[in-house]
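Architecture at a glance
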Amino acid sequence: MSAPKADRPILRMILGRLGIGVFTLFVISIIIFMAVSLLPGDIAQQVLGQSATPETVAAFRRELGLDQPLLTRYFDWILGILHGDFGQSLANGRPVAELLAARLGNTLFLAAYAAMIAVPFSVLLGLLAALWRGRWFDRIANVSTLTAISFPEFFIAYILMFWLSVRMGWLPSIADPGAAPSLGDMLTRTFLPAVTLVLVVTAHMMRMTRAAVVNVLGAPYVVMARLKGASRWRVITRHALPNALAPIINVIALNVAWLITGVVIVEVVFVFPGLGQLMVDSVSNRDMPVVQACALIFGAVYILLNLLADVLAIATNPRLLHPR
């Protein structure tokens, strides 16, 4: 049985977005590989040290495939990834996939933890700011969130660490949960980095929620609901918010994508064993297979969440399928 006609535009849109996403990821893989390959210095010489003989360096280059043409090395790398083989780490000889698997879960946990706090908090702030727009709460919320987003992540992280950890002693300053932590240990250890991420992304989501809700408050159906005697809170939550979900979902998805791909600085400050920390350590060690794999995963996650944002936005507002 064929799919209903109403579902076909959505299916075509999803397939089209998937095609664009795959092409974008392909372009990103080229940029990553070229950027790493064009770095100054000889990777083999850096790994082996200055005391290595030219014969040893040449043998190591052959082992890594660095004696092959650039195009050949790229296709070998990308075909290996398509088969689940990210190569071997130059620092310790372990499979890159094994290193990624050990760290990716930590990064996803931290991003999910921050998102579970930031999304409802930001939407609630945005709704309250729209409810009391122009009043003191609206002004304070805007100034506070814009102030938080004006500071870089590492500055917010160090301020929180100084007050809540060093001065108050309430929370640990190091987010490393250890080998086999319990859920409570993970939540406690990652609270400071999660709050840092929340303060960074709240302003975008709060202001978009406020703007989207205020934008539909003048619509005829909202005016009619007010004339029927509905309270302002009910008008905003039951009538304005459902029709303003598309831009809100988009900005939430973009910020969740940033929570996953932009945690590098926060993970380094709090010494959290995530993908960002692994990437920084690998850059320091010139472990380029790991750097390439981390960058590619970040790109894939960002593209996937953008696709999800498009689908959810259209599901809440099918008119987006037929733009004028």
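Residues numbered from 1 in each chain as written. Predicted model: local features only at pLDDT ≥ 70, side-chain atom pairs only at ≥ 80, totals over all residues. Heavy atoms only, no water.

**Things to note about a positive patch on the surface**
Note the following rule: Excluding any residue in a salt bridge, patches collect residues exceeding 30% relative accessible area, merging like charges within 9 Å and nonpolar Val, Leu, Ile, Met, Phe, Trp and Tyr side chains within 5 Å. Each accessible area is a Shrake-Rupley result for a 1.4 Å probe, and residues are judged covered by the shown protein chains and nothing else. For this analysis, a salt bridge means a side-chain nitrogen from Lys or Arg found within 4 Å of a carboxyl oxygen belonging to Asp or Glu. Think of it this way: Lys and Arg go in the positive column, Asp and Glu in the negative one, and His and the chain ends go nowhere. For charged residues, the charge sits on one atom: NZ in Lys, CZ in Arg, CG in Asp, CD in Glu. The helix and strand labels rest on DSSP assignments: H or I over at least four residues marks a helix, E over at least two residues marks a strand, and numbering proceeds from the N terminus.
A cluster of basic residues, R133, R135, R226 and R232, forms a positive patch on the protein surface. Looking at the secondary structure, you find R133 in the loop between α5 (96-131) and α6 (136-150).

**With respect to the pattern of salt bridges**
Short version of the rule: A 1.4 Å probe rolled over the protein chains alone gives each residue an accessible area, and that area as a share of the maximum for its type sets the label: buried under 20%, exposed over 50%, partly exposed in between.
Applying the stated criterion across every chain yields a total of two salt bridges. Between E98 and R94 there is a salt bridge, with the nearest N and O atoms lying 2.8 Å from each other. Judged by relative accessible area, which is 40%, E98 ranks as partly exposed. The class of R94 is partly exposed, set by a relative accessible area of 35%. Measuring nitrogen to oxygen at the nearest pair gives 2.8 Å for the salt bridge that ties R210 to D138. Of this pair, R210 sits in helix α9 (residues 191-216) while D138 sits in helix α6; the two residues are 72 residues apart in sequence, bridging distant segments of the chain. Residue classification places D138 among the buried positions, given a relative accessible area of 4%.

**A few points about α9**
Let me state the cut-off plainly: A helix's residues, less one, multiplied by 1.5 Å, set its expected span. In this scheme, the bend at a residue equals the angle between the axes fitted to the seven residues that finish there and the seven that begin there.
Between its first and last C-alpha, α9 extends 36 Å over 26 residues, near the 38 Å set by a 1.5 Å rise per residue. Taken as a whole, α9 carries its principal kink of about 40° at V201.

**What about the packing of α5 against α9?**
Heads up, the rule is: To obtain an axis, a line is fitted to C-alpha atoms, over the contacting stretch when the element is a helix, and the angle between two such axes runs from 0 to 180 degrees between their N-to-C directions. Crossings are sorted by hand: turned counterclockwise from the far helix by less than a right angle, the near helix makes the crossing left-handed, and turned clockwise it makes it right-handed. All residues other than Ala, Val, Leu, Ile, Met, Phe, Trp, Tyr, Cys, Pro, Asp, Glu, Lys and Arg, Gly among them, are scored as polar; the first ten of these are nonpolar and the last four charged.
Packing of α5 against α9 brings their axes to within 7 Å, and their N-to-C directions diverge by 35°. For α5 against α9, the interelement crossing comes out right-handed. Taken together, the residues of the contact of α5 with α9 break down into 22 nonpolar, four polar and one charged.

**Some remarks on the nonpolar core**
One recurring pattern in soluble globular proteins is that nonpolar side chains are buried together. Rules: We call a set of buried residues a nonpolar core when its members are Ala, Val, Leu, Ile, Met, Phe, Trp, Tyr or Cys and they connect through side-chain atoms within 4.5 Å of each other.
The biggest cluster of nonpolar side chains holds 81 residues, and the ones touching the most others in it are L100, V213 and F270. Ranked by the residues each element gives to this core, the list is headed by α5, at 16 residues.

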